[in-house]
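One-letter residues, chain by chain:
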Amino acid sequence: MGNLFGKEKPLKEVLRENKRMINRAVRELDREKVALEREEKRLQIEIKKAAKENQMGAVKIMAKVRSLRIACRLGTMAQW
């Protein structure tokens, strides 16, 4: 596996780069997970607030959105 100029990277360097890419991907997934959890909590608070104000139409719509997001998330996790 030579480069364009004919020199190969040392195995340690290749390993280091791959490990760095994996760590970046893990951090990105963790950030995405935290953002989704934050969004979920915010939506729950909005649903409770709308229910207290007796806005049942809005509550039903937000609950549907919430269930669709959960189903979508479970679907993407199943693909892993």
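Heads up: the structure comes first, above all this text.
What comes next concerns the included structure. (Residues numbered from 1 in each chain as written. Predicted model: local features only at pLDDT ≥ 70, side-chain atom pairs only at ≥ 80, totals over all residues. Heavy atoms only, no water.)

**Here we look at the overall build of the protein chain**
Check the secondary structure of the protein chain and you find two helices and zero strands. When the accessible surface of the protein chain is summed, it comes to about 7,600 Å², and 61% of that surface belongs to carbon and sulfur atoms. (Helix = DSSP H or I, 4+ residues; strand = E, 2+ residues; numbered from the N terminus. Areas by Shrake-Rupley, 256 points an atom, 1.4 Å probe, with all protein chains shown as cover.)

**A few points about unusual backbone geometry**
Even without being glycine, N54 reaches a positive phi, approximately 65°. Examined against the element boundaries, N54 turns out to sit in the loop between α1 (11-52) and α2 (56-79).

**Focus: α1**
With 42 residues, α1 extends 62 Å between its outermost C-alpha atoms, agreeing within 8% with the 62 Å of an ideal straight helix rising 1.5 Å per residue. Looking at α1, one finds that the buried residues are E40, L43, I47 and A50. Following α1 by one or two positions, N54 has its phi on the positive side, about 65°. (Expected span 1.5 Å × (residues − 1). Buried < 20%, exposed > 50% of the residue type's maximum accessible area, 1.4 Å probe, protein only.)

**Overview of the side chain of E40**
Within the element layout of this structure, E40 appears in helix α1. Setting aside residues up to four positions removed in sequence, E40 forms contacts with R66, I70 and R73. (Contact = heavy atoms within 4.5 Å.)

**Examining the nonpolar core**
Judged by nonpolar contacts, L43, I47, A50, V59 and M62 together constitute the single largest core of five residues. Secondary structure elements with two or more residues in this core: α1 and α2. Looking at this core element by element, the count peaks at three residues for α1. In this view, M62 contacts L43, E46, I47 and A50; residues no more than four positions away in its chain are not counted. (Core = buried A, V, L, I, M, F, W, Y, C linked by side-chain atoms within 4.5 Å.)

**Quick word on a positive patch on the surface**
A contiguous patch of positive charge, built from R20, R24, R27 and R31, is present on the exposed surface. Within the fold, R24 resides in helix α1. (Patch = residues over 30% accessible without salt bridge, like charges linked within 9 Å, V, L, I, M, F, W, Y side chains within 5 Å. Salt bridge = Lys/Arg side-chain N within 4 Å of Asp/Glu carboxyl O. Lys, Arg positive; Asp, Glu negative; His and termini not counted. Charge placed at Lys NZ, Arg CZ, Asp CG, Glu CD.)

**Remarks on the pattern of salt bridges**
In this structure the tally under the stated criterion is four salt bridges. In this structure, the salt-bridge partner of E13 is R16, at a minimum N-O distance of 3.6 Å. Note that E13 and R16 are positioned in helix α1 at a spacing of three residues, about one turn of the helix. With relative accessibility at 29%, the residue E13 sits in the partly exposed group. Between E46 and R42 there is a salt bridge; the shortest N-O distance is 2.1 Å. In this pair, E46 and R42 are both assigned in helix α1, four residues apart and thus about one turn of the helix distant. Residues joined in a network through salt bridges with shared partners are E39, R42 and E46.

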